[in-house]
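Residues per chain are reported as follows:
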Amino acid sequence: MYALSNPELTILILDPVADSARLGSRYCTGGYIWQVLDARHGDVFAGPEYPQAPNTFDGQGAPDMFLRSLGAEAAPVGGEVACIGVGRVRRTSSREPFDVRYNPEVIEFVKWETGCSGDTIVMRTEHAFRDWAYNLERTVSLQGRVVRSRTGIRSLGSALLPVRWFAHPFFPVPSDNVLCRFSFPISLPDNPGYSLSSEGFVVRKSAHDWPRGCRQEPGLDPQGKTLLAVQRHPRLGELTVTTDFVPSFLPIWGNDRTFSFEPYFERTLNRGAEASWGIEYHLGGAAAAPPASPC
């Protein structure tokens, strides 16, 4: 793994080659934040199987994913699709619509060029599949107690490039089941897992069968606002998560070991068009930022 460190935090980032056994058909293989270690409080992130070693679909930490697979509509069982940031994936299931949960076989991962400079690591790749082609850049940086993850993509092919990306940070669950609050109002229909407190926090219903998990799609009206989320944390007290884009979709999910909210970024890119966006995790603590050590 690669590491970005300062006296307070260490970010562990998967090496797309050396850590290939931890990678699968789901998450982007470059810039995959496996864990953030706090010198005083231990692991910041969790996962659906945490603290056990996860399978490649569930993962852990703060990964991200491009949901739209290229060529899936026309690929027969045994054929190939392309997953942005992952590579060529075998279609092994006839289930519709295509879902990497049921198609875990990666034929060939994309290859990344990696550069590291002090507090920042940058991974770049380029991939072509049928009429689609793109180059992709993932950047992870550490400044004080702020972890930044940025993504940039440019379409190079003749076919329209569908970009439907989301971040999937996995947080440990606070003992009081009070989870998070967003910078814009949300609504929750009646559901078995979650409710809203009078202060606007998402609260986990303790009576639910949490080993089975629960996913919910809140109603939201961002009103053009980027995301600022306050997430309660059993060791840090709370942390904040911000994006520089207005989420198009913001589902929540959790099980007995973790909770996650998933801000979505969506664009469709013509040849030569590009897009970039970012998410930041503000972990609280001292405002002064000590210099980061080289990775």
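All chains use their own residue numbering, which begins from 1 and follows the written sequence. At least 70 in pLDDT is required for a residue's local features to be given in this predicted model, at least 80 for side-chain atom pairs to be given and counted, and no such filter applies to totals for whole chains, interfaces and linings, which use all residues. Calculation of side-chain values draws on the structure's entire complement of heavy atoms; hydrogens and water are dropped beforehand.

## Considering the sheet that holds strand S7 (residues 80-83)
Pairs of strands are assigned from DSSP output, requiring at least two bridges between the strands. For the purposes of this entry, the term helix denotes a DSSP run of H or I that reaches at least four residues, the term strand denotes a run of E that reaches at least two, and both are numbered from the N terminus. Within the open sheet, the four strands sit side by side as S6-S7-S8-S9. Their pairing is antiparallel. For this open sheet the edge positions go to strand S6 (69-70) and strand S9 (106-109), each flanked by a neighbour on one side alone. One ladder, built from three bridges, connects strand S8 (residues 87-90) with S9; its direction is antiparallel. What sits directly across from Arg 88, in S9, is Glu 108.

## Brief notes about the pairing of strand S10 (residues 113-117)
By the bridge criterion, five bridges tie S10 to strand S11 (residues 120-129) in an arrangement that is antiparallel. Bridging from a neighbouring strand, Glu 113 pairs with Arg 124 of S11. From the end of S10 to the start of S11, which pair antiparallel, there are two residues, and Gly 118 there has a positive phi angle of about 60°.

## Notes on the pairing of strand S2 (residues 9-13)
With five of five residues buried, S2 is to be regarded as a mostly interior element. Burial status follows relative accessibility: with a 1.4 Å probe on protein chains alone, a residue under 20% of its type maximum counts as buried, one over 50% as exposed, and anything between as partly exposed. On S2, burial covers both faces: Leu 9, Ile 11 and Ile 13 on one face and Thr 10 and Leu 12 on the other are all buried. In terms of strand pairing, strand S1 (residues 2-5) meets S2 through four bridges, oriented antiparallel. Bridge pairing in S2 links Leu 4 to Ile 11. Between S1 and S2, which pair antiparallel one after the other, the connecting turn spans three residues. Taken together, the five bridges between S2 and strand S3 (residues 33-38) define a ladder with antiparallel strand orientation. What sits directly across from Leu 12, in S3, is Gln 35.

## Digging into the side chain of Ser 260
Its location among the elements puts Ser 260 in strand S24 (residues 259-261). Of the residues examined, Ser 260 reaches a relative accessible area of 0% and is grouped as buried. Here a polar contact means two N or O atoms within 3.5 Å. Within protein one must be a hydrogen donor candidate and the other an acceptor candidate, and residues neighboring in sequence count only if both atoms are side-chain atoms. Polar contacts involving the side chain of Ser 260 include one to the side chain of His 168, which spans 2.8 Å. Looking at Ser 260, its side chain comes within polar contact range of the main-chain oxygen of Pro 169, at 2.6 Å.

## Topic: the sheet that holds strand S5 (residues 64-66)
In spatial order, the strands read S5-S14-S25; together these three strands make up an open sheet with antiparallel pairing. Each end of this open sheet is capped by a strand with a single partner; those strands are S5 and strand S25 (264-269). Direction aside, the axes of adjacent strands within the sheet are offset by 15° on average. As paired elements, strand S14 (residues 161-167) and S25 share six bridges and run antiparallel to each other. From the neighbouring strand, Phe 166 faces S25, where its bridge partner is Tyr 264. Each axis is a line fitted through C-alpha atoms, taken for helices only over the stretch in contact, and angles between the N-to-C directions span 0 to 180 degrees.

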